[in-house]
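Residues per chain, in single letters:
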There are 2 protein chains.
Amino acid sequence: MERNNDKPQNASLKAYESIRDMILNGEIPTGARIVEDKLASIVGVSRTPIREAIQRLEQEHLIVNKLVVKPEEKELRNSFQVRILLEGYSAHCAAMYFTEHDLESLSECVRIGRTGSIDEIMKANERFHDVIVQASNNPIMIDMIDHMKSIIYLFRRTVISHNRPFLIDEHEKIYQTIRARDAENAERMMKEHLQADLDFSLHFIK
Amino acid sequence: MERNNDKPQNASLKAYESIRDMILNGEIPTGARIVEDKLASIVGVSRTPIREAIQRLEQEHLIVNKLVVKPEEKELRNSFQVRILLEGYSAHCAAMYFTEHDLESLSECVRIGRTGSIDEIMKANERFHDVIVQASNNPIMIDMIDHMKSIIYLFRRTVISHNRPFLIDEHEKIYQTIRARDAENAERMMKEHLQADLDFSLHFIK
DNA sequence: ACAATTCATATTGTATACAAATTTATTATA
DNA sequence: TATAATAAATTTGTATACAATATGAATTGT
């Protein structure tokens, strides 16, 4: 999810980002019915770009037949099952293919995770995962993980402000393992890390 | 890829299926430029459903900025890397959650694989994988694998008529392993099976 | 002959119109 | 009062119009 700051040039992208964000921050509540005309007037574009945005959001499973998806435990589990698989393997690849620059980015994320403001910490933690996914060097995998971000973000919304204990410690260990080019353990630790994330989230959702 | 025989009711789906099939069977050659108006008159609908179809095909990586994707070895490898991950894990899940009916379907596929006509064999082999993926019981994973089918099919187009030796034997072994509820080995064998498929395909692509 | 510039054409992005389908409200009937 | 039937309204799917962009051809100057 390239949370892009600069304003989107074309109406479709603007519509996509607007609607997605309205869903993610609860302005459009989960379970709500999506009506093209309403959104068109809210976003300030015609129905055409709204429809394209909806198609994209459907693809990301944030909208399922005109309804904003309601977070169910089962779906969070399913999403994480796939995410653990893909990001686990990304960590494996990252340990094999990382560049010096990747390494610097990762350690910078860990550092901010310990010293930054709440907001900086959250951004850095997201970025930590992004860097590893990118380092996998597989555009198809990168794309898939990217598509899963919205829905995972929605499900975790309630949790996201809390800061799970040990999260940064786990990041640091993963960083060191990647740095040591220990692909097997990097994969295993990433999987455990995400599993802990899931367990923590489930604790709040119920 | 639900190769649906009954005619699609709505124009978007019709457009999607038509364009996808034209690409897959080479009527629209790889590397060709996609022009909405042209396709609209070919398919016999307006540009609106054509655009929706294109968006979907872009999502499946069959079209990349108005060009039909050209099969490169690297992309086939990347796709298979993800597919091996996902279908491998599907096999793992299938071994844990399969129903009696799944088992019958799988053995039926193996049987047809040994006794059917060329066309029946191809269909049965595809179905073998479908049954396992469905048995994973994870709609998010099912959806992702489904989206990868078009591009893998495109890359393998040249190979698809050949019948790789041992393919059915491998299917049969996987079937037996799943039946024995041996999840670990089912996963390992599925991964090896798909890796062999990839290697075989690469042999032809170069 | 080749690069740069201008013009013409083709193509896309977006808005809008309208009919078909769906949903909601209203009335009639048991 | 509850249920079925009908009508009104909303909403979607598709086509089309038109302006903004992009592409490519023709023209000019070097």
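Residues numbered from 1 in each chain as written. Chains lettered and ligands numbered in written order. Predicted model: local features only at pLDDT ≥ 70, side-chain atom pairs only at ≥ 80, totals over all residues. Heavy atoms only, no water.

As recorded in an unreviewed UniProt entry, chain A goes by GntR family transcriptional regulator and comes from Sporolactobacillus shoreae.

## Things to note about the packing of aromatic side chains
Ring pairs (aromatic) are described by centroid distance and by the angle formed between their planes. Counted according to the given criterion, the structure contains zero aromatic pairs over all chains. We note A:Arg56 situated over the ring of A:Tyr16; from NZ or CZ to the ring centre the distance is 3.7 Å. (Phe/Tyr/Trp six-rings, centres within 6.5 Å; stacked < 30°, edge-to-face > 60°. Lys NZ or Arg CZ within 6 Å of the ring centre and 35° of its normal.)

## Some details on the nonpolar core
In this structure, A:Ile19, A:Leu86, B:Ile19 and B:Leu86 are the most contacted members of the largest nonpolar core, which totals 130 residues. Setting aside its immediate chain neighbours within four residues, A:Ile19 contacts A:Ile28, A:Leu39, A:Val43, A:Ile50, A:Ala53 and A:Leu57. (Core = buried A, V, L, I, M, F, W, Y, C linked by side-chain atoms within 4.5 Å. Buried < 20%, exposed > 50% of the residue type's maximum accessible area, 1.4 Å probe, protein only. Contact = heavy atoms within 4.5 Å.)

## Here we look at the pattern of salt bridges
All names here are of chain A. Using the criterion set out here, one finds 30 salt bridges over all chains in the structure. Across the salt bridge formed by Arg-164 and Asp-197, the nearest N and O atoms sit 2.8 Å from each other. Separated by 33 residues along the polypeptide, Arg-164 in the loop between helix 7 (139-156) and helix 8 (167-179) and Asp-197 in helix 9 (residues 183-205) bring together distant segments of the chain. (Salt bridge = Lys/Arg side-chain N within 4 Å of Asp/Glu carboxyl O. Helix = DSSP H or I, 4+ residues; strand = E, 2+ residues; numbered from the N terminus.)

## Regarding the layout of surface pockets
Estimates place the volume of the second largest pocket at around 620 Å³. For the second largest pocket, the lining is made up of 25 residues, of which A:Gln81, A:Ile84, A:Leu85, B:Tyr89 and B:Cys93 are closest to its centre. (1 Å grid on protein atoms, 1.4 Å probe; cavity = no way out; pocket = protein on both sides within 12 Å on 5 of 7 lines; lining within 4 Å. Points joined across faces, edges and corners; volume = space filled by probe spheres on them.)

## Side note on the interface of chain A and chain B
Facing 23 residues of chain A, the contacting portion of chain B comprises 23 residues. Of the roughly 2,300 Å² buried between chain A and chain B on both sides combined, carbon and sulfur atoms contribute 60%. If you sort the residues of chain A by the area they bury against chain B, A:Gln55, A:Leu85 and A:Ile140 come out on top, with a joint share of 25%. At the junction of chain A and chain B, the tally comes to two salt bridges. Across the pair B:Glu52 and A:Arg51 runs a salt bridge whose closest N-O atoms are separated by 2.4 Å. Linking chain A with chain B are 12 residue pairs in polar contact (both at pLDDT 80 or more). A per-element tally of the side of chain A that touches chain B places helix 4 (residues 73-97) of chain A first, with nine residues. (Buried area = accessible area lost by both parts, 1.4 Å probe. Polar contact = N/O pair within 3.5 Å; in protein donor to acceptor, adjacent residues only side chain to side chain.)

## So, the domain arrangement of chain A
Residue and element names in this part refer to chain A. Split into domains, chain A comes out as domain 1 (11-68) and domain 2 (73-205). Inter-centroid distance (C-alpha atoms) of domain 1 to domain 2 is 27 Å. Contacts between the two partners involve 11 residues from domain 1, matched on the other side by six residues from domain 2. Taken together, both faces of the contact between domain 1 and domain 2 bury some 770 Å²; the carbon and sulfur share is 61%. (Domains from an automatic or database assignment.)

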